[in-house]
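Now for the letters of each chain:
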Amino acid sequence: MKYILVLVIICSSFQGHAQKYILLDKAISQHPFYSNTILVSEKYKGFVPIEKKDISKFLNALEEIAQRLT
């Protein structure tokens, strides 16, 4: 029962958020966060915006780059 409750909470949290972008820090010194808009100040601070729907493509590209470097 406890697991079902946790699963329902997780699923409802995914449906409730409508953020379109994840902002990643180029230096990997700050935590990534989701946002609906991209502000100039965030770009100035070194955040890279990635659309939420393209995260898997981005990760695949990073894995390919890592394989080529080794």
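Residues numbered from 1 in each chain as written. Predicted model: local features only at pLDDT ≥ 70, side-chain atom pairs only at ≥ 80, totals over all residues. Heavy atoms only, no water.

Q: It is not clear to me how the packing of aromatic side chains should be interpreted in this structure. Could you clarify?
A: Per the stated rule, a full pass over the model turns up 1 aromatic pair. Look at Phe33 and Phe47: their rings are 5.2 Å apart centre to centre, the planes differ by 75°, and that puts the pair in the edge-to-face class. Note that Phe33 is positioned in strand 2 (residues 33-35) and Phe47 in strand 3 (residues 47-51), a separation of 14 residues in sequence. Of note, Lys52 hangs over the ring of Tyr34, and the distance from its end group to the ring centre comes to 5.4 Å. (Phe/Tyr/Trp six-rings, centres within 6.5 Å; stacked < 30°, edge-to-face > 60°. Helix = DSSP H or I, 4+ residues; strand = E, 2+ residues; numbered from the N terminus. Lys NZ or Arg CZ within 6 Å of the ring centre and 35° of its normal.)

Q: What's the story with the pairing of strand 1 (residues 21-25) in this structure? I'm lost.
A: Regular strands show a simple pattern: their side chains alternate between the two faces of the sheet. Taken across its 5 residues, strand 1 has 4 buried, putting it largely inside the fold. As paired strands, strand 1 and strand 2 are joined by 3 bridges and run antiparallel to one another. Its bridge partner lying in strand 2, Tyr21 is registered against Ser35. Here strand 1 runs beside strand 3; their pairing, made up of 5 bridges, is antiparallel. Residue Ile22 lies in a different strand from strand 3, and its bridge partner there is Ile50. (Buried < 20%, exposed > 50% of the residue type's maximum accessible area, 1.4 Å probe, protein only. Pairing = 2+ DSSP bridges.)

Q: Could you clarify how one ought to interpret the sheet that holds strand 1 in this entry?
A: Strands belonging to one sheet form pairs held by backbone hydrogen bonds; the direction of such a pair is parallel or antiparallel. Here 3 strands make up an open sheet; going across it, the order is 2-1-3 and the pairing antiparallel. Each edge of the sheet is formed by a strand with only one pairing partner; in this case those strands are strand 2 and strand 3. Put simply, the sheet's adjacent strands are angled 35° from each other on average, direction ignored. (Axes fitted to C-alpha atoms, helices over the stretch in contact; angles between N-to-C directions.)

Q: Is there a simple way to explain the confidence of the model for the protein in this structure?
A: Parts of the prediction with low pLDDT should not have their coordinates interpreted in detail. Averaged over all residues, the pLDDT of the protein equals 77, while 73% of them reach at least 70. Between residues 1-7, whose pLDDT stays under 50, and residues either more than four places distant or in other chains, the model counts 0 contacts. (pLDDT = per-residue confidence, 0-100. Contact = heavy atoms within 4.5 Å.)

Q: Is there a simple way to explain the pattern of salt bridges in this structure?
A: Pairing is possible between side chains of opposite charge, provided their charged atoms come close. Under the criterion given, the structure shown has 3 salt bridges. With a shortest N-O distance of 3.9 Å, Asp54 and Lys57 are connected by a salt bridge. Of the residues examined, Asp54 reaches a relative accessible area of 24% and is grouped as partly exposed. (Salt bridge = Lys/Arg side-chain N within 4 Å of Asp/Glu carboxyl O.)

Q: Before we go on, may I ask you to explain the environment of Lys52 in this structure?
A: Assignment of secondary structure puts Lys52 in the loop between strand 3 and helix 3 (55-69). Between the C-alpha atom of Lys52 and that of Ser35, which follows or precedes it by 17 residues, the distance is 9.7 Å.

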